[in-house]
Structures are given as structure tokens and as C-alpha cells.
Amino acid sequence: LPEDYLLVDIAGFRASLVRAGEEVWHSRAQVGRPYRETPVFRADLIYLEFNPTWTVPPTILEQDILPEVRRNPGYLRDRSFRVLDATGASLDPNLIDWSAVSARSFPYLLRQDPGPNNALGRIKFMFPNSHSVYLHDTPSRSLFERPQRAFSSGCIRAKDPLHFAELVLDDEQQWSREKIDEVIASKETQTVYL
């Protein structure tokens with residue numbers, strides 16, 4: 001490993017940032033469930049995003065979201081999801097026959113707006129990889145108190161992502177904790193390349 005790296009101990013439910021061989025940050029982590037394991041891989045951290053939107057991937061659409069929408073027509077509204085067509089225009093979910101669509105033939109995107117219900121929380125850290133796995137915040141904060149923390153669909157959820165952002169951005173003038181909090185309070189999505 002290089003002198004500076006982020007290490008996610010999947011089995012230990014822990015994430016650590018190491019700089020010049022010394023651990024400077026660690027956090028409890030939530031990782032993939034046994035049937036949607038977090039894969040082992042190596043990638044470069046390229047950017048982070050404050051107030052991210054979340055576009056539902058096909059597996060989660062098929063196994064989680066579509067069954068919920070069929071049971072509860074208000075599911076999407078209650079969780080701040082928008083249904084988007086191919087042009088990016090919002091559609092009324094009440095006009096869709098949810099019993100007739102499948103994940104394979106789903107002609108729309110489901111996008112969750114930034115906010116308290118967003119599955120990614122307030123911030124995500126992107127290290128592009130073939131698994132579409134990244135590190136992010138979560139609204140499911142109480143799950144960090146459990147000894148076994150395999151709750152995600154493969155991504156890594158960090159308990160203390162804002163302190164990690166301070167360290168990664170490494171610019172007290174431009175990216176103090178106050179500035180980070182201000183950007184999050186704006187509820188506007190902002191991407192910062194590292």
C-alpha cells in the first residue's frame with residue numbers, strides 16, 4: 001500500500017484513513033449484507049459529492065423498490081423519489097401501472113433527491129470501480145451501534161463521513177468544518193474533485 005490510503009475492513013465493520021503510515025481517522029462502517037457482499041477491490045478516490053442524489057440501481061430496483069411500490073403506492077413520495085423519463089422530465093408515479101413493469105423493462109429512472117431521507121445521507125465519496133461501490137453517509141445512524149453491521153447493498157456507510165471529508169479535502173481555508181456544514185445546509189448538490 002502507499003503511505004496514504006483509505007482501508008475498509010469489511011469483516012471488522014471499520015474504515016480507516018492512513019497518512020504517512022499513521023492512522024488519522026477511523027469510523028465504524030456498515031457494509032454489504034451476506035447476499036449483497038461488499039467486494040474486495042482497490043481504486044483511487046477521485047471526488048466527493050455533498051447533498052447527493054441517488055439513482056436506484058437495477059438490483060435494488062428489482063429486489064427492494066418495485067416490491068415496496070406495489071405494496072404501498074405512496075412509497076416513492078414518502079421517500080422523496082422522482083420518476084424520470086429518458087429526457088429527465090419528472091413523471092407522476094400514480095400514472096404508472098407498477099404491476100406491469102419489471103426491473104429488466106423499466107423505462108424510467110428512480111432518483112432520490114437530497115435530504116434527510118436520501119439513502120446516501122449528506123455526502124458520498126467516489127472511487128470509480130467496476131462494482132459501482134462507494135463510501136457514503138446514511139440516514140440509518142442507529143445501525144452503527146450494532147456489533148454486526150452488514151446492512152447495505154454493497155456500498156460502505158461511514159459513521160463519521162464529515163470529519164473524513166475535512167481530512168480528504170485538506171484545506172482549512174476553503175473547506176473548514178463550518179464551510180462543509182454551510183454547503184450541506186444549502187441542500188444543493190455540489191461535487192468537489194480531489
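What counts and what doesn't
- Residues numbered from 1 in each chain as written.
- Predicted model: local features only at pLDDT ≥ 70, side-chain atom pairs only at ≥ 80, totals over all residues.
- Heavy atoms only, no water.
- Buried < 20%, exposed > 50% of the residue type's maximum accessible area, 1.4 Å probe, protein only.
- Helix = DSSP H or I, 4+ residues; strand = E, 2+ residues; numbered from the N terminus.
- Pairing = 2+ DSSP bridges.
- Phe/Tyr/Trp six-rings, centres within 6.5 Å; stacked < 30°, edge-to-face > 60°.
- 1 Å grid on protein atoms, 1.4 Å probe; cavity = no way out; pocket = protein on both sides within 12 Å on 5 of 7 lines; lining within 4 Å.
- Points joined across faces, edges and corners; volume = space filled by probe spheres on them.
- Nonpolar A, V, L, I, M, F, W, Y, C, P; charged D, E, K, R; others polar.
- Core = buried A, V, L, I, M, F, W, Y, C linked by side-chain atoms within 4.5 Å.
- Contact = heavy atoms within 4.5 Å.
- Salt bridge = Lys/Arg side-chain N within 4 Å of Asp/Glu carboxyl O.

Engineer: Help me understand the pairing of strand β8 (residues 109-112), please; the structure alone is not making it clear to me.
Structural biologist: Within a regular beta strand, the side chains point alternately toward one face of the sheet and then the other, so they alternate between its two faces. Side chains of β8 alternate between two faces, with Leu110 and Gln112 buried and Leu109 and Arg111 left unburied. Judged from the two bridges that link them, strand β5 (residues 54-55) and β8 form a sheet pairing that is antiparallel. The partner of Thr55 across the bridge, within β8, is Arg111.

Engineer: Could you clarify how one ought to interpret the packing of aromatic side chains in this entry?
Structural biologist: Working definition: an aromatic ring pair is given by the centre-to-centre distance plus the angle between the planes. Per the counting criterion, the structure on display carries eight aromatic pairs. Ring centres of Phe106 and Tyr108 lie 5.4 Å apart, and the angle between their planes is 85°; on these two criteria the pair is classed as edge-to-face. Using a relative accessible area of 24% as the deciding quantity, one classes Tyr108 as partly exposed. Put simply, the rings of Trp25, Phe125 and Phe164 touch in pairs and so form one group of aromatic residues.

Engineer: Would you explain the layout of surface pockets in this entry?
Structural biologist: Rolled over the atoms, a probe as big as a water molecule pinpoints where empty space is left. In this model, the largest pocket occupies a volume close to 880 Å³. Lining the largest pocket we find 36 residues, and of these Trp54, Ile60, Ala119, Ser153 and Arg157 sit closest to its centre. Listing elements by their share of the lining of the largest pocket, those giving two or more residues are β5, α1 (58-71), β9 (123-126) and β11 (150-152). For the lining of the largest pocket, the element with the most residues is α1, which contributes six residues. Residues that form the lining of the largest pocket fall into these classes: 16 nonpolar, 13 polar and seven charged.

Engineer: Explanation requested: the nonpolar core in the structure shown.
Structural biologist: Note on soluble globular proteins: their nonpolar side chains tend to be buried together. Grouped together as the largest cluster of nonpolar side chains are 24 residues, with contacts concentrated most on Leu48, Phe50 and Ile180. Among the elements of the structure, β2 (14-19), β3 (22-32), β4 (47-50), β9, β12 (156-158), α3 (161-169) and α4 (177-186) are those that each provide at least two residues to this core. The leading source of residues in this core is α3, at six residues. Among all residues touching Phe50, those that are not within four sequence positions of it are Arg122, Ile123, Leu169, Trp175, Ile180, Val183, Ile184, Glu188, Thr189, Gln190 and Val192. One finds Leu66, Leu76, Phe81 and Trp98 within the second-largest nonpolar core, a separate group that totals 22 residues.

Engineer: It is not clear to me how the pattern of salt bridges should be interpreted in this structure. Could you clarify?
Structural biologist: Pairing between side chains of opposite charge can happen when the charged atoms of each approach one another. Tallied over the entire structure, the rule returns twelve salt bridges. Two residues, Arg177 and Glu166, come together in a salt bridge whose shortest N-O distance is 3.5 Å. Residue Arg177 is located in helix α4, and its partner Glu166 is located in helix α3; the two are separated by eleven residues in the primary sequence. The network of salt bridges with common partners includes Arg122, Asp137 and Arg141.

By themselves, these observations are geometric and do not establish any function.
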